[in-house]
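# Chain and residue survey
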Amino acid sequence: MIAIGSDHGGYELAQKICKHLEEKGLEYKYFGTYNGEKVDYPDIALPVAKSVSCGEAEKGFLICGTGIGMSIAANKVKGIRAAVCTDHFSTKFTRLHNDTNILCLGGRVLGDLFALELVDIFLETEYEGGRHQARLDKIKQIEDEN
Ligand code: RB5
């Protein structure tokens, strides 16, 4: 299952991503917002991040105006590695090297079709493991000690 959420700045793109996931036959759970009215992005980032961190969801997508606020909030939850990406290369390599489990996108930054390409890259790229694991272990150590 894929967890997805957005604030008002990402609402329209989030609806397109949900439709895209549906067309691909992928199961997802939408955590709001449910209309274009103003909402505080941490209120959406938290349940999506928790769904991923507890294993209910395999991966997540968080969409706000820039993706940045969502990523800051999501990364406060233990076990979350969330990244804002605006290009194909970073999206691919954040999966390969960082094993990111949440992709944050900017609804006011990216065109819809371009964003859907990033969604597909994020879903289809496997973590490489190997030399990258020691680095992720160090991140976990920071998380555990602070
Ligand atoms: C809301 O206006 C905007 O601040 C939010 O969507 C996001 O871009 C924050 O990082």
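Scroll up a little and you will see the structure.
Residues numbered from 1 in each chain as written. Predicted model: local features only at pLDDT ≥ 70, side-chain atom pairs only at ≥ 80, totals over all residues. Heavy atoms only, no water.

## A word on the pairing of strand 3 (residues 59-64)
Along strand 3, six of the six residues are buried, which leaves the element largely enclosed by surrounding structure. Of the two faces of strand 3, both are covered, the one formed by Lys59, Phe61 and Ile63 as well as the one formed by Gly60, Leu62 and Cys64. Pairing of strand 1 (residues 2-6) with strand 3, which is carried by five bridges, proceeds in the parallel orientation. Within strand 3, the residue paired with isoleucine 4 across the bridge is phenylalanine 61. Two elements, strand 3 and strand 5 (residues 102-106), share five bridges in a ladder whose sense is parallel. From the neighbouring strand, isoleucine 63 faces strand 5, where its bridge partner is leucine 105. (Buried < 20%, exposed > 50% of the residue type's maximum accessible area, 1.4 Å probe, protein only. Helix = DSSP H or I, 4+ residues; strand = E, 2+ residues; numbered from the N terminus. Pairing = 2+ DSSP bridges.)

## Concerning a nonpolar patch on the surface
Among the surface-exposed residues, Ile68, Ile72 and Val84 lie close enough to one another that they form a single nonpolar patch of about 240 Å² accessible area. With respect to the secondary-structure elements, valine 84 resides in strand 4 (residues 82-84). Accessibility expressed as a relative area gives 31% for valine 84, which makes it partly exposed. (Patch = residues over 30% accessible without salt bridge, like charges linked within 9 Å, V, L, I, M, F, W, Y side chains within 5 Å. Areas by Shrake-Rupley, 256 points an atom, 1.4 Å probe, with all protein chains shown as cover. Salt bridge = Lys/Arg side-chain N within 4 Å of Asp/Glu carboxyl O.)

## A closer look at the sheet that holds strand 2 (residues 28-30)
Read from one edge of the open sheet, five strands run 2-1-3-5-4, paired in parallel fashion. A single partner strand is all that each edge strand has here, and the edge strands are strand 2 and strand 4. Neighbouring strand axes in the sheet, compared pairwise and without regard to direction, differ in orientation by 20 degrees on average. Across the sheet, helix 1 (residues 11-23) lies against strand 1, strand 2, strand 3 and strand 5, angled at about 155 degrees from strand 2, the strand it touches most. Its contacts with the sheet put helix 5 (residues 112-124) on strand 1, strand 3 and strand 5, and the angle it makes with strand 5 is roughly 170 degrees. (Axes fitted to C-alpha atoms, helices over the stretch in contact; angles between N-to-C directions. Contact = heavy atoms within 4.5 Å.)

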